[in-house]
Amino acid sequence: MPDRVDWHTYFMNIARQVATRATCPRKHVGAVIARDRTILSTGYNGSARGLPHCEDVGCDIEDGHCVSAVHAEANAIIQAARIGVSVAGAELYTTASPCWPCFKLIANAGISRVYYGEFYRDEKSLAVARQAGIELVIPCPESKPGRSSPSPDNSRTPGRSTSALPASAGTLPGSPGSRP
Ligand SMILES: [Zn+2]
Ligand SMILES: [Zn+2]
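Residues numbered from 1 in each chain as written. Chains lettered and ligands numbered in written order. Predicted model: local features only at pLDDT ≥ 70, side-chain atom pairs only at ≥ 80, totals over all residues.

## What about the overall build of the chain?
Okay, so step 1: If you tally the helices and strands in the chain, you get five helices and nine strands.
Okay, so step 2: Ordered by position from N to C terminus, the α and β elements of the chain give α-β-β-β-α-β-β-β-α-β-α-β-α-β.
Okay, so step 3: In the chain, buried positions account for 39% of the 180 residues. (Helix = DSSP H or I, 4+ residues; strand = E, 2+ residues; numbered from the N terminus. Buried ≥ 20, exposed ≤ 12 C-beta atoms within 10 Å, placed from the backbone.)

## Brief notes about the environment of Ser86
Okay, so step 1: Looking at the secondary structure, you find Ser86 in the loop between α3 (72-83) and β7 (91-96).
Okay, so step 2: Separated by 23 residues in sequence, Ser86 and Ala109 place their C-alpha atoms 8.4 Å apart.

## Re the pairing of strand β1 (residues 30-35)
Okay, so step 1: Counting buried positions along β1 gives six out of six residues, so the element sits mostly inside the fold.
Okay, so step 2: Taking every second residue as pointing to the same face, both faces of β1 are buried, with Gly30, Val32 and Ala34 on one and Ala31, Ile33 and Arg35 on the other.
Okay, so step 3: Sheet analysis places β1 next to strand β2 (residues 38-44), joined by six bridges and oriented antiparallel. Counterpart to Val32 in the pairing with β2 is Thr42.
Okay, so step 4: Both β1 and β7 contribute to a ladder of four bridges, which runs antiparallel. (Pairing = 2+ DSSP bridges.)

## Some points on unusual backbone geometry
Okay, so step 1: In this structure, Asp36 takes a positive phi of about 55 degrees despite not being glycine.
Okay, so step 2: Positionally, Asp36 belongs in the loop between β1 and β2.
Okay, so step 3: We note that Arg37 has phi near 60 degrees; this positive angle belongs to a residue other than glycine.

## Brief notes about helix α1 (residues 7-19)
Counting along an α-helix, one turn takes 3.6 residues, and residues three or four places apart therefore face a common direction.
Okay, so step 1: A rise of 1.5 Å per residue sets the reference length of α1, with its 13 residues, at 18 Å; its end C-alpha atoms lie 18 Å apart and thus fit the reference within 8%.
Okay, so step 2: Of all the residues in α1, the buried ones are Trp7, His8, Phe11, Met12, Ala15, Val18 and Ala19. The buried side chains of α1 occupy one side of the element, clustering within an arc of 125 degrees when seen end-on.
Okay, so step 3: Tucked inside the fold, the buried residues of α1 contact β1, β2, α3, β7 and β8 (113-118). (Expected span 1.5 Å × (residues − 1). Arc of directions from axis to C-beta. Contact = placed C-beta atoms within 7 Å.)

## Some remarks on the nonpolar core
Okay, so step 1: Grouped together as the largest cluster of nonpolar side chains are 39 residues, with contacts concentrated most on Ala31, Val32, Ile33, Leu92, Tyr93, Ile106 and Ile111.
Okay, so step 2: Going through the elements one at a time, α1, β1, β2, α3, β7, α4 (100-109) and β8 are the ones with two or more residues in this core.
Okay, so step 3: Leave out the neighbours within four places in its chain, and Ile106 touches Glu73, Leu92, Pro98, Ile111, Val114 and Ile134. (Core = buried A, V, L, I, M, F, W, Y, C linked by C-beta atoms within 7 Å.)

## A few points about the confidence of the model for the chain
Okay, so step 1: Residue-level pLDDT values for the chain average 82, and 76% of them are 70 or greater.
Okay, so step 2: pLDDT under 50 marks residues 141-180. Its contacts with residues more than four places away, or in other chains, come to 72 contacts. (pLDDT = per-residue confidence, 0-100.)

Structural data, given as structure tokens:
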């Protein structure tokens, strides 16, 4: 099956599709949280629930950034919380690299690996990823399904994982990445 896409492409393609639902015109971003090759949650950037969309009323800009929109990665984590799905040890696909606030949420949610489509804005997220125990990578287009794909069978022990945060990390104020 030469046309069959690998897992990274599969999840990133879905993230790009999710991004088409975004409602902030400044940037359309989509995120997919997956574990064991199964999608746990998705998110795109848009206004807080119940508030008007940026595309209808305009963005609320502070310091050059829209502060109305909840980012895609945050919304994917929040969506999982709403329906009671743990994302500890999961992997996140996002069409743009996580900004610093989203990176901190990702770290404390226990997400161990982030695949991103393009670099966006915050060098800091990339700089501290290793320290926070998170792999931040652009997916390898050569990866093949069933080989070195996103998740191994054990949901709590991703691949080469010195990086998985304990499930309890999200509840601790001093978890990795948040220390001064
Ligand atoms: Zn906006
Ligand atoms: Zn963000």
